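# Geometric and topological summary
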Amino acid sequence: MIQSFQLFPGVTLRYFADNRFKQGCLSVQFVRPMAAEEAAMNALLPAVLLRGTKQYPDLRAITLHLDDLYGASVSALVRRIGDYQTTGLYCSFMEDRYAMDGDAILAPIVDFVRQLLLEPVTEEDGFCAEFVESEKKNLISAIESELNDKRVYAGVQLLKVMCRSDAFGIPRLGEKKSVEAADAKKLYQHYQRILKESRIELFYVGAAQPETILALLKNMLAGIQRCYVNLPEQTAFCDAGGEHTREAMDITQSKLCMGFVTPITNRVREFAAMQLFNAIYGAGMTSKLFMIVREKMSLCYSIGSGYYGTKGIITVSAGIDQNQEETVRAEILRQLQLCQSGDISDGELIAARKAVLSGLRTVHDSPGAIEGYHSTAGLSGLCFDLEEYRRAISAAKIADVVEAAKTVRLHSSFFLQGVGE
Amino acid sequence: MNKVFYPGLNETLYSCKMENGLTVQVLPRPGFSRKLAYFVTDFGSIHTEFLLDGKKIKAPAGVAHFLEHKMFELPGRDVSAEFAALGANVNAFTSYDVTAYYFSCTENFLPSLRLLLEFVSTPYFTEESVKREIGIIDQEIGMNADSPERVFENLMQAMYCSHPIRVPILGSRESIREITPEILNQCHRAFYTPANMILCVVGDVDPQQVLDTARQVLGDEKKEAGSKLRPWQEEMTCHRETVRMPMEVAMPNFQLGFKCESVGTGEDAIRQEIIGDLAAEALFGESSELYLQLYESGLIDSSFGGGFETVDGCALLTCGGDSNQAEKVRDAIVARAEELASTGIPDADLLRMKRSALGRRIRDLDSFDSTCFRLCAYQLSDFDYFRFPGVYTDVTAAQVCAFLEKVIKKERCALSVIEPRRQS
């Protein structure tokens, strides 16, 4: 289904032909090692690129142009994939065949992306300082707004504690102080290096023929001088020891986050059994945590677990009453012990397997999901292609899940204690 | 079933009204794995007063949402576990004017559909389970209390005096304690009858099998439903001009609302909605002069956005986002609306905005969830959703300007702000 083309050294196009959709999508990702010194600049970069080009010099000119392209959208794309951070642009646009009077959308949108990437508004030897300063404010506000969602905030605090010595602890958008330190000149120099040295991943989903896309995208990036520097491989979790921390805040509901580690990552075949363990333990409405802690014990509204396969980290997060902290902590651990001692029913395994398989089947049901899955799976080091992944999930037995569960141990926790009314 | 092909959208919709009164819509999507079914009742958080068997009933605030939670129980059975065993993902939500139950799956579609219809049409409430649910919803209310999304609830309280949109969908910790199995039964009997509901399916399915399954589970009998009371007397002025709330947030966040006349139902309703949306776009959309001016002066950031919203018995134009100076944003919007209303909107600008809005709606049809829900919501408003491109064509610049002139007035406006708590 996916065809790969090497356009230039370190520049790969992945092409997914599909004419079922009303829209196509194109992503451009520059892949960087996740590093404290550049994370914030990488997050800032696409926002600045989206502020103006030589031909469309401000936000309004850009939006008017996108309006003419039937409301096509181009947005910043910043992802954290294990040890990597990607930065770039994501666009989605109506397929040409739905446009009126034979209007073209694909070719103009690709050309527009070229202008965003290669013809930004510049001053002397930097980006437009006004754009950079204004987007720094936006980025700082986005970083600070993680506090608005207490569940997200607590989750980020937990990962910071757990990953003190691992790049995975660096927030996706970087730290506020690094944003403040960035300026128009530094960012522009950094971008020139990114253009030259980074691995570039292009992903297209839509109805256009491969030769059309190849020609458009080769032309899009033809102006770049490349000197590609190889990326290091993904690495295992670097453990600096566990810690249990807490913070009091004037809120009604407390948030308990517990972090676990396992040596099983997405780069080994036991990953499938670990995915199933996560589904049985805490992901979804039939998991042990949901069924017992919420439904039976009535201790919370939200509870769930997540598995970060690139690092072998499992987190459990629950919104609870502060007085129930010890009870909920103990129950979360007890449910893990039950899994480890083999207390998993056939019904639980079947439900988990069906849920994971269903998720994998629907990967191909929307352009966004296709791009999201395939453009990150390879970078994350996942050892299966989609078909192998499905087979591995179907083949895993309860014994495999129990063996996976036995590798899981509590590492750290963070408790956001609500001291409001 | 009635089959209609919409060539401009390349969609074929099957629909019919069953003898029991249930409206069924099926949108086949060959070649897709996912199948999605929505079973929606025309009963939301605002419908707390109604007539049943000739008797007037006033249910506690939050009853529709409470009922939604309680529907997932059947005697001696675990509905969620049964869906999970089928490999289907089930969920539900309650809004101001509807309650929707839905599942998605990639296999076992018909048994899952049967289960959906069965559990939503079977009331089973015990004293004990109602009591247990109070603990869970208490936590949900607590979570909501800490969320900056409170800004919208606060806005509704500032804008409306009588319309129950001013009451939070979840109700309050006090009101949910007044809910009993008997009240839940009454609400179920009043509004969970087929004639008050819609079943809509999107995916690679056989429309006739959907209809047959609905008939097998729900039968043909038409049952008496409750009738909603709407004793809402609402002036077009706002209850309060500004409302502020301190919270543990990083940045002040605001929502601004302008009261509009209720849009009613049918094609006229969707026309009003599209006029409202285009007016919002012309006034403060990303391609407007005002947006650029506010953005460049730092009064708004990329979180800013808005649009036109309709709820049974009311309509409003809202916008909001992060800002340190929400009053200045409000004043600029009111002033700009006056200008636009007097200068008019050039036809070329309107055409561009229409093209953009139309393109976004067409792209949105790729989303199963959005399409399925919109098909239900517009059907409840008596409009065939896939006719939207034609309505866009008909809207004129004069209509959009007239809307701005009438609605964007300071007296119709309220402002809600969530402010960071002062550091002690």
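Residues numbered from 1 in each chain as written. Chains lettered and ligands numbered in written order. Predicted model: local features only at pLDDT ≥ 70, side-chain atom pairs only at ≥ 80, totals over all residues.

## Thoughts on the overall build of chain A
- When you go through chain A residue by residue, the secondary structure sums to 15 helices and 13 strands.
- Here the C-alpha radius of gyration of chain A, 23 Å, is about what a compact globule of 421 residues would show, namely 22 Å.
- Seen through its C-alpha atoms, chain A measures out along the principal axes to roughly 60 × 45 × 40 Å.
- When burial is assessed residue by residue, chain A has 50% of its 421 residues classed as buried.
- By sequence separation, contacts in chain A at least 24 residues apart represent 81% of the contacts at least 6 residues apart. (Helix = DSSP H or I, 4+ residues; strand = E, 2+ residues; numbered from the N terminus. Rg over C-alpha atoms; globule rule 2.2 N^0.38 Å. Buried ≥ 20, exposed ≤ 12 C-beta atoms within 10 Å, placed from the backbone. Contact = placed C-beta atoms within 7 Å.)

## Considering the interface of chain B and chain A
- Of the residues lining the interface, 47 residues belong to chain B; the matching set on chain A comes to 50 residues.
- Those elements that provide at least two residues to the side of chain B that touches chain A are helix 2 (79-86), helix 4 (127-145), helix 9 (289-296) and helix 11 (347-364) of chain B.
- Here the side of chain B that touches chain A gets ten residues from one element, more than from any other, and that element is helix 11 of chain B.
- Residue classes in the side of chain B that touches chain A are distributed as 19 nonpolar, 13 polar and 15 charged. (Nonpolar A, V, L, I, M, F, W, Y, C, P; charged D, E, K, R; others polar.)

## Overview of the domain arrangement of chain A
Residue and element names in this part refer to chain A.
- Assigned domains of chain A: these are domain 1 (2-221) and domain 2 (244-418).
- The gap between the C-alpha centroids of domain 1 and domain 2 is 30 Å.
- Contacts between the two partners involve 29 residues from domain 1 and, on the opposite side, 25 residues from domain 2.
- Elements represented by at least two residues in the side of domain 1 that touches domain 2 include exactly strand 2 (11-17), strand 3 (23-33), strand 4 (73-81), strand 5 (84-94), helix 5 (150-162) and strand 8 (199-206).
- Here the side of domain 1 that touches domain 2 takes nine residues from helix 5, the largest share from any one element.
- Here the side of domain 1 that touches domain 2 is composed, by residue class, of 15 nonpolar, eight polar and six charged. (Domains from an automatic or database assignment.)

## Quick notes on unusual backbone geometry
Residues and elements named next belong to chain B.
- For asparagine 108, which is not glycine, the phi dihedral falls at a positive 55°.
- Topologically, asparagine 108 is positioned in the loop between strand 10 (99-105) and helix 3 (109-121).
- C-beta crowding within 10 Å serves as the criterion here: with 18 such atoms nearby, asparagine 108 is assigned to the partly exposed category.
- Although it is not a glycine, aspartate 382 sits at a positive phi angle of roughly 65°.

## Re the domain arrangement of chain B
Residue and element names in this part refer to chain B.
- With domains assigned, chain B is organised as domain 1 (2-228) and domain 2 (242-420).
- The straight-line distance from the C-alpha centre of domain 1 to that of domain 2 is 28 Å.
- Each partner contributes to the interface: domain 1 provides 32 residues, whereas domain 2 provides 31 residues.
- Counting residues per element, the ones that place at least two in the side of domain 1 that touches domain 2 are strand 2 (11-17), strand 3 (23-28), strand 4 (35-41), helix 5 (150-159) and strand 11 (197-203).
- In terms of residues, the side of domain 1 that touches domain 2 owes the most to one element, helix 5, which gives eight residues.
- Partitioning the side of domain 1 that touches domain 2 into residue classes produces 21 nonpolar, six polar and five charged.

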